[in-house]
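Structural overview for review
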Amino acid sequence: MSSIITAAQLRELLDTDSELAVLDLRTPQERTTGHIARSTGVPLHDLEQRIARLVPRRHTPIVLASTRDLDERGTAILGDLGYTDVRLLPDGVGSWTEAGQRLYTGTNVLSKTLGEWIEETFGTSTVDPQTVQDWREEGRDVIVLDSRPHAEYVHHHIPGAYDTGGGAELAYRGLDTVPDPDTTIVVNCAGRTRGIVGAQSLVNTGIPNPVYSLQNGTPAWEWAGLEIVQGDEKSLDAPLHVERHLLRWAADTLAEAEAEVLDSTQVDAWLRDTAHTTYVIDIRSPEEYAAGHLPGSHHVQGGQLIQTSDEHLAVQQSRVVLIDTEDHVRAASTVQWLRYLHRGPLAIHTYTPSGLTIESSDISVPAVSTISGVELAEIVGTGTATVVDLRSSSAYRRAHVPGSIHARREHLESIADGASSPLVLVGDSSYLPHFAAAELTAPAAVLDGGIDAYLGELTAERPAYAGDIVDQTGPPPFGPERDAFYRAYFEWEYSLVPSSEGDPDFGFDRIATRTRLLR
């Protein structure tokens, strides 16, 4: 059942120690036009796909804060899935601003604001690209550590930069590349946040080296007329051993951030406590996670968890357990900043193949009509089916069934009304079209096994879209549009600290004082 909640009541709930999830059901593009800072974007398009992971307990209070029509539709879906406490603002996010509260444009606002606050508060040193290039040409002892995940590094990076594998890996892997205390370290990313956070993370370990974040990252490197390259170059392995001073720093940092170290019995007790939400997140590298992990845990590298905390920790005041190796260096690198973004209990657990299992809270997939990849290949081009691709627009653009239309859930009824043949809905391992098919009144079938099961030849030619592309919010891959994106993006980032001043949803100074993190 749903009920109405006023903006004043929501404000009170956000300021308490009670669990609460604020969900925004608009498209990613619509959400960037203005949203509540402590909300999580879960587009109606994939609500059933993501809700069990984001809000695993069915009795957690949920407030929907998008538009009234979307929220009413979302309420019906959540009710059918067993969620018992769903509340709506009278006029969606409009009710929030009418009550004098603030909305924020862009994405990952809390995380981005934290990055700017870190630079301002800790005095994190920055350096411009041309200076770094001059240092290199002068023969200065300088290394560049790339703080992004491996896939971003391969897409493009500064020549000679080391691929650390991600922000929380900087101290764990990156410091092995530093030959002596006088080596200058420059940390870069694709913008500002991960460079600033990464550089300050290294400074916080107490190393004597001069450490800088590269001002405005790889976009500024290109604007300076300097070379950008693609592909693998200098990937770093995990260290054979962790230095003693790093182990001490990790233990001290966890204590300062009030993060407990839990054994399997204690983690299991948290998971069995049905009155509280517990997220178990493995922050190690993708390779380590693939080699072995706790069944039911989720993988988000530590640096990306800081960058996108609102996308993973939807329930305010929930418990979070981070999985790391026994040194806890990556856990400490993550927790020292996660404490500013998440107000609930934080804990660390050392990964061992212990038999600890996190019970699944997944949503049951409805039974719908299906069609095989062989059948679809036979009828493509005959006009006896209308193929609708519900995957992400980027996946569709790369390869799709010839003649198919890319669409979102909200387009399906109008497509069905105008189609002369039954619909075949296409998904993949990340998107199951079954939920959308189940609510359609028109005849529809799902491609069994998703796009990988299609036995015909896929194409990137003649893409067709049922509406605007609204699921992409990042920069274009390359070109002038990318430059324009980043110039506007940096202006937005510079405005975050002043625009959030006095907003209780931020309050980084209070958190620093309470936890002794601001030394």
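In the block above lies the structure referred to throughout.
Since the structure is predicted, the reported quantities are computational estimates derived from the model, not experimental observations.

Here's the deal with the sheet that holds strand β19 (residues 405-406)
Consider a sheet: its strands pair through backbone hydrogen bonds, and that pairing is either parallel or antiparallel. In space, the 5 strands of this open sheet follow the order β17-β21-β20-β18-β19, with parallel pairing throughout. Of all strands in the sheet, those bounded by a partner on one side alone are β17 (370-371) and β19. Across 2 bridges, the pairing between strand β18 (residues 386-389) and β19 is parallel. Paired with V388 across the strands is I405, a residue of β19.

Some details on unusual backbone geometry
Even without a glycine there, the phi angle at N216 is positive, about 65°. As for its position among the elements, N216 is in the loop between β10 (211-214) and α11 (217-223). Judged by its relative accessible area of 10%, N216 is buried.

What about the packing of helix α10 (residues 193-204) against helix α16 (residues 329-341)?
It is the contact of α10 with α16, at a shortest axis distance of 11 Å, that shows an interaxial angle of 115°. The orientation of α10 relative to α16 falls into the category roughly perpendicular. In this structure, α10 crosses over α16, and the sense of that crossing is right-handed. Listed contacts from α16 to V197, Q200, S201 and N204 of α10 are S333, Q336 and W337. Across the contact of α10 with α16, the residue classes break down as 2 nonpolar, 5 polar and no charged.

Digging into the sheet that holds strand β11 (residues 259-261)
Pairing is parallel in the open sheet, where 5 strands are placed in the order β11-β16-β15-β12-β13. Both outer strands of the open sheet, β11 and β13 (298-299), are each paired with one neighbouring strand and no more. Here strand β12 (residues 278-282) pairs with strand β15 (residues 319-324) via 5 bridges, running parallel. From the neighbouring strand, I281 faces β15, where its bridge partner is L322.

About the thresholds
Residues numbered from 1 in each chain as written. Predicted model: local features only at pLDDT ≥ 70, side-chain atom pairs only at ≥ 80, totals over all residues. Heavy atoms only, no water. Pairing = 2+ DSSP bridges. Helix = DSSP H or I, 4+ residues; strand = E, 2+ residues; numbered from the N terminus. Buried < 20%, exposed > 50% of the residue type's maximum accessible area, 1.4 Å probe, protein only. Axes fitted to C-alpha atoms, helices over the stretch in contact; angles between N-to-C directions. Parallel < 35°, antiparallel > 145°, perpendicular 65-115°, else oblique. Left-handed = near helix turned anticlockwise from the far one by under 90°. Contact = heavy atoms within 4.5 Å. Nonpolar A, V, L, I, M, F, W, Y, C, P; charged D, E, K, R; others polar.

So yeah, pure geometry; function would need other evidence.
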